[in-house]
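Structural description and commentary
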Amino acid sequence: MLKALSALSFVHRFEPESGPAAPPLLLLHGTGGDENDLVPLARTIAPGSAVLSPRGKVLENGMPRFFRRLAEGVFDQDDVRRRAQELADFVSEARASYGLTAPIALGFSNGANIAAAVLLLRPEALAGAILLRAMVPLAVPPAADLAGKPVLILSGAMDPIVPADNAARLAALLAERGAAVRHEILPAGHGLSKADIAIAGQWLQTAGLT
Ligand code: MLT
């Protein structure tokens, strides 16, 4: 059963789990997307998992996002920090309302960037993360205890938005804080490819998360 709800602090879609117990997925869409965008991907890579999918509250020319940016790749640092806290609070509200364990974030582009910010600022909010086309979200990343948290980062070798060294820096800073990071660079651009879907699905299975 699908639900689109606004009673909690974000407009969101929630779909309960239908298979054996596995962590829920927190779906975080890209710029201009909404709470429905990543549901088909989630269903493909984790068919039985619950999905919790909020819609970003920031509007950029009418396009939903999870935080404000000043230009492409230039983020409003105060807003990133505030919005990451707000999203982590929503996760906690939703966990209480729906009886969920800590979710694995599945974020694309702007959604991957806010997921990385939540990992750094509120690590307890997430059990792990799949970051698709992510960048470093915080100019001054805080110390954080990410001990053992599984994180998969999939970057595109031809991505015109995310510079290769930026994605590598994100992988390094999460690993330095203890996360179990796997970072792969795919022959792709900013958009997702079949390899993203295959690798994300295998990674969830190998980590025992589906
Ligand atoms: C961002 O603004 O988070 C990144 O530039 C990715 C994007 O949304 O285009």
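A quick note: this is a predicted structure, and the numbers were derived from the prediction, not measured.

Remarks on the nonpolar core
Within the largest apolar cluster, 47 residues are counted, with the highest numbers of intra-cluster contacts made by L28, F90, L131, L170 and L174. Looking at this core, the elements that each hand over two or more residues are strand 3 (25–28), helix 2 (77–98), helix 3 (110–121), strand 10 (128–132), strand 11 (150–156) and helix 4 (164–176). The dominant element in this core, judged by the number of residues it contributes, is helix 3, at nine residues. Formed by 23 residues, the second largest nonpolar core is a distinct cluster that contains L106, F108, I130 and I199.

What about the packing of aromatic side chains?
Considering all chains together, one arrives at three aromatic pairs under this definition. Stacked on the ring of F10, the Lys or Arg K57 has its end atom at 4.4 Å from the ring centre. Cation over ring: R65 sits above F67, and NZ or CZ is 5.1 Å from the ring centre.

Regarding unusual backbone geometry
Its identity as a non-glycine residue notwithstanding, S109 has a phi of 55°, on the positive side. Given a relative accessible area of 12%, S109 falls into the buried group. Here R133, not a glycine, exhibits a phi torsion of approximately 60°, which is positive. Take R133: it is sitting in the loop between strand 10 and strand 11.

Describing the site of the ligand
Around the ligand, the neighbouring residues are T31, R65, F67, R69, G73, F75, S109, N110, N113 and I161. One of the side-chain nitrogen or oxygen atoms of T31 is found 2.5 Å away from an oxygen atom of the ligand. Contact between the ligand and R69: an oxygen atom at 3.1 Å from a side-chain N or O atom of the residue. With the chains in place, 96% of the 260 Å² that the ligand exposes on its own is no longer accessible. A per-class count over the shell around the ligand returns three nonpolar, five polar and two charged.

Focus on empty space enclosed by the protein
Scanning the entire structure with this criterion turns up one cavity of 30 Å³ or more. By volume, the largest cavity amounts to about 30 Å³. Lining the largest cavity are F10, K57, V58, R65, F66, R83, E86, L87 and I114. Ranked by residues supplied to the lining of the largest cavity, first place goes to helix 2 with three residues.

Describing the pairing of strand 11
The buried fraction of strand 11 is high, at seven of seven residues. The alternating pattern of strand 11 places P150, L152, L154 and G156 on one face and V151, I153 and S155 on the opposite face, and all of these are buried. With four bridges joining them, strand 10 and strand 11 adopt parallel strand pairing. Paired with L132 across the strands is L154, a residue of strand 11.

Each value, and the rule that gives it
Residues numbered from 1 in each chain as written. Predicted model: local features only at pLDDT ≥ 70, side-chain atom pairs only at ≥ 80, totals over all residues. Heavy atoms only, no water. Core = buried A, V, L, I, M, F, W, Y, C linked by side-chain atoms within 4.5 Å. Buried < 20%, exposed > 50% of the residue type's maximum accessible area, 1.4 Å probe, protein only. Helix = DSSP H or I, 4+ residues; strand = E, 2+ residues; numbered from the N terminus. Phe/Tyr/Trp six-rings, centres within 6.5 Å; stacked < 30°, edge-to-face > 60°. Lys NZ or Arg CZ within 6 Å of the ring centre and 35° of its normal. Near = heavy atom within 4 Å. Polar contact = N/O pair within 3.5 Å; in protein donor to acceptor, adjacent residues only side chain to side chain. Areas by Shrake-Rupley, 256 points an atom, 1.4 Å probe, with all protein chains shown as cover. Nonpolar A, V, L, I, M, F, W, Y, C, P; charged D, E, K, R; others polar. 1 Å grid on protein atoms, 1.4 Å probe; cavity = no way out; pocket = protein on both sides within 12 Å on 5 of 7 lines; lining within 4 Å. Points joined across faces, edges and corners; volume = space filled by probe spheres on them. Pairing = 2+ DSSP bridges.

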